[in-house]
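Each chain, written out:
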Amino acid sequence: MSREGESEDCRFWRSKLKNVLLEKRSRSGSIKGARESTFRAYALLQEKSREVRDEQWTSAIREGAQCPCPPDTKVITNPNEVAEIYKELSKFPSLAKACIGPEVISQYGGKHRNIYTEWSQRDLERAERVKFCRQYILFHDEDSIVYTGPSGNCIELQGELLSKESPSGLLKAVLREHTNKKGEEKQFLEIWNKNSKEKSINLTALDKHGKVYEDDHFGCLVWSHSETHILYVAEKKRPKVESFFQPKPQLSVNEEEEDNIKPEKQEKPVKGDEFVFWEDWGETLMKKTTPVLCALDIESNNISVLEGIPEHISPGQAFWAPNDTGIIFVGWDHEPQRLGLVYCNNRKSGLYYVDLTGGNCVQLASQTNAVWSPRLSPDKCRIIYLESDVGGPHQQCSRLCMYDWYTKVTSTVVDIVTRPNKSGFTGIYSSALAQSCWAMDSQRVIIDTCQRSRKDLLVINITTGSLTSLTSGSNSVAGSWTLLAIHQDLMVVTCSSPNCPPSLKVGFLPAPGKEQGIIWVALDEAEPLPTIEWNILNFTPPHEQQNPKFPAMDFEGILLKPGEMEEGASHPLIVWPHGGPHSVFIAEWLLYPVALCRLGFVVLLVNYRGSAGFGQDCIYSLPGNVGSQDVKDVQFSAEQVLKERFTDTSKAFVIGGSHGGFLASHLVGQYPEFYKAGVIRNPVTNIASMLGTTDIPDWCMVEAGFEYVAGQLPTPALLEAMLNRSPIIRASQVKSPMLIMLGEKDKRVPPTQGLEFYRALKSRGVSVRLLWYPDNNHSLSKVDAEADGFMNVALWFVKHL
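Remember, predicted model here, so these are calculated numbers, not experimental data. (Residues numbered from 1 in each chain as written. Predicted model: local features only at pLDDT ≥ 70, side-chain atom pairs only at ≥ 80, totals over all residues. Heavy atoms only, no water.)

**Student:** Can you tell me about helix α3 (residues 79–90), naming the residues and giving the values?
**Tutor:** Between its first and last C-alpha, α3 extends 16 Å over 12 residues, near the 16 Å set by a 1.5 Å rise per residue. What α3 keeps buried is the set Pro 79, Val 82, Ile 85, Tyr 86, Leu 89 and Ser 90. Taken down its axis, α3 places every buried residue within 125 degrees of arc, on the same side. If you check the start of α3, you find a side-chain oxygen 2.8 Å away from the backbone N of Asn 80, and it comes from Asn 78. (Helix = DSSP H or I, 4+ residues; strand = E, 2+ residues; numbered from the N terminus. Expected span 1.5 Å × (residues − 1). Buried < 20%, exposed > 50% of the residue type's maximum accessible area, 1.4 Å probe, protein only. Arc of directions from axis to C-beta. Polar contact = N/O pair within 3.5 Å; in protein donor to acceptor, adjacent residues only side chain to side chain.)

Shown next, in the form of structure tokens:
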């Protein structure tokens, strides 16, 4: 039988195998002994064949040539072509922020506004994300848009951490970081008018606090209503320390007076505290331990660190109360411990108010729940915010609550949804509300939230609780919509889909009851890629896989496939479950899946039972069933897709990160003959060993099916239950070649998890490759790591076609 494309080495070892079999038959006269020798020879053949393929593959990559693959493959395999596709697709920028300027009326009665936007883009040559701004001009009548267009060219923003326009739109505050000639990092707060910079204040030299927080969880930069003060959050100033044996020399007066600013009084260093441990807030919030609220008096340059906040509270997400009488903020309990905050909307917190005159601090709302994203209405009478239960899954369905500033009454506008109602509404699943999300009438709020595998814009009436979608009935093919800003009912949004990069659109919010008639106008519209098609698939688990406590649940997957496929052509399938596990893939622009699809792979993004966006019952169906229910859902969806004619049933691959890596590791262990190769990124592989090393030990307990109690010590039974749900126990069954990608600074899933799996596979002779990314955390999102990661993922799959 002829074997097309087989190398001479492979033919030699195959001939060797045949000769061994014939020799054994002639010696023993029995087939049994021959089989044993045949098996050993066959194993040797497989090993030698793999070595030959590896050498051919490595040589092809080194020379930038076509990688050795089956002759019928429909996948691009040339490394240079793969790199060019990634380079092309990674250039598409994403929107980060929008600000709507004040209305300007010309002498002829025409109205126009400026719209300021900030974008982020990968720069592969500089190996960093660059931020740039672009402005647009918009002419309009009362509630219709007449003309839009760009105003000038894009401008890169250098060193800008935060920025905020004043309420009148006449001033702008900018927090900027600058590295001086000595390599020292300094933070400056700048005030700009329409024509120039009015002042620049060296916050580092003032030495009133540590670094200013620029993150999305604590950070803020807010003008007072009177435009005389600016509020922000910074790290609390720590006491100066020194060694018992190496005291630091006293500085002279001149050396202390950096930038002509004198410290109030020189502190006496504390000895013996150099290496005291400061507990931080975990993944992406390293070195952020004790936030404080700070107010800058713009006229005097004086900074006040607000007092009166309880010691057990970490404040953030702050803004000025009506009439500037005090500060409203979210306070997170950090006793008895700080648990990781990123992607965890279930941390005990409350809405607080601190009075600026007396320093009295009172809790406005929530004594036992978790709150975030408070937003003050335009008439300054109401505050809306999101709320969820404390403990349990990290990301849950949330309530939309409201606090009346004058009556002091708290009410629930939209409650938690256990199962989708008749209208199809599945609940609110938002990590944050837009900074400006109120309609001008102070009676309606606009939110964006996932609804199953899409992300929609919803208008909510705060009095009736009624919801109206602004996008589900839209003629647009976009699968994801996000509100950037709304001002005087003019909305700025971004939308995208799996085959279309982000676009920027505007529209006036219609009057109550007429919202579905909204007309969207493009400010910056991206064209869909004709080479990619996508659709959302629905899956119903077979009866034996139904959850008896939460029956009759379905789930979804987003399928990307190369467009205009040839008649009868079949493409390899990549199966990709998301992390979390209570997050969700939405039908938006995703670089890796899009790029892999462009190479010729069919990509299935699986939203298994337990995903957000399908109702609270869906989320609660998974804890205690990880490693079983979610694994079976992913495998069932993969098998269903492979029944389609456009996929190659012999070429299925799997990839996943975090809990998705947990699932991918389980899948190659539970279905060892199904997947040709796998990729896992910062995977959970052993829940028991992760318990004492992660910033989210509660995750280990809850997902294994137990209640988390701070201070609880693990028992043998508890650790055994965690281990039994972990993929490490199936490592001996893995046959698929595995690529493991780890971030050195991952605090969420420490890299020891991936190392543990790597060593287990390598010691058992499984083909495994490990990539170690310094200075990268859980997301592996630094530009150089992201680009290198894609190339390795793509070529790993190509190698094992």
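**Student:** Provide a residue-level description of the sheet that holds strand β19 (residues 361–365), including the pertinent values.
**Tutor:** In any sheet, the strands associate via hydrogen bonds between backbone groups, in a parallel or an antiparallel arrangement. Taken together, the four strands give an open sheet; going across it, the order is β16-β17-β18-β19, and neighbouring strands pair in antiparallel fashion. Where the open sheet ends on each side, the last strands, each with one partner, are β16 (313–320) and β19. Pairs of neighbouring strands in the sheet enclose a mean axial angle of 35 degrees, with direction left out of account. Across six bridges, β16 lies against strand β17 (residues 326–333) in antiparallel orientation. From the neighbouring strand, Ser 314 faces β17, where its bridge partner is Trp 332. (Pairing = 2+ DSSP bridges. Axes fitted to C-alpha atoms, helices over the stretch in contact; angles between N-to-C directions.)

**Student:** Please give an account of empty space enclosed by the protein that cites residues and values.
**Tutor:** Any space left empty among the atoms is revealed by the rolling of a water-sized probe across them. For the structure shown, the criterion picks out one cavity of 30 Å³ or more. In this structure, the largest cavity occupies an estimated 30 Å³ of space. Considering the residues around the largest cavity, the lining is formed by Ala 432, Leu 433, Ala 434, Ile 446, Ile 447, Asp 448 and Leu 483. Examining the composition of the lining of the largest cavity, we find that three residues originate from one element, strand β24 (residues 444–451), more than from any other. Looking at side-chain class alone, the lining of the largest cavity contains six nonpolar, no polar and one charged residues. (1 Å grid on protein atoms, 1.4 Å probe; cavity = no way out; pocket = protein on both sides within 12 Å on 5 of 7 lines; lining within 4 Å. Points joined across faces, edges and corners; volume = space filled by probe spheres on them. Nonpolar A, V, L, I, M, F, W, Y, C, P; charged D, E, K, R; others polar.)

**Student:** Describe the pattern of salt bridges, with residues and values.
**Tutor:** Counted according to the given criterion, the structure contains 40 salt bridges. A salt bridge links Lys 288 to Asp 215, with the shortest nitrogen-to-oxygen separation between them at 3.1 Å. Residue Lys 288 is found in the loop between β13 (270–271) and β14 (291–297), and its partner Asp 215 is found in the loop between α4 (203–206) and β10 (221–223); the two are separated by 73 residues along the sequence. Take Asp 215: its relative accessible area is 11%, and that puts it in the buried class. In this structure, the salt-bridge partner of Arg 399 is Asp 415, at a minimum N-O distance of 3.5 Å. On the criterion of sequence distance, the pair formed by Arg 399 in strand β22 (residues 399–404) and Asp 415 in the loop between β23 (410–414) and β24 is long-range, its members being 16 residues apart. Through salt bridges with shared partners, a single ionic network connects Asp 123, Arg 126, Glu 128 and Glu 156. (Salt bridge = Lys/Arg side-chain N within 4 Å of Asp/Glu carboxyl O.)

**Student:** Go over the sheet that holds β10 with me, naming the residues and quoting the values.
**Tutor:** The strand order across the open sheet built from four strands is β10-β11-β14-β15, with neighbouring strands paired in antiparallel fashion. Either end of the sheet is taken by a strand with one partner, and the two such strands are β10 and β15 (302–305). Going from strand to strand, the sheet's axes swing by 25 degrees on average, the running direction of each strand aside.

**Student:** Describe a nonpolar patch on the surface, with residues and values.
**Tutor:** Nonpolar side chains collect at one region of the surface, where Phe 139, Val 146 and Tyr 147 lie side by side and expose about 300 Å² of accessible area between them. Position of Tyr 147 among the secondary structure elements: in strand β5 (residues 145–156). Tyr 147 gets classed as partly exposed once you look at its relative accessible area, which sits at 47%. (Patch = residues over 30% accessible without salt bridge, like charges linked within 9 Å, V, L, I, M, F, W, Y side chains within 5 Å. Areas by Shrake-Rupley, 256 points an atom, 1.4 Å probe, with all protein chains shown as cover.)

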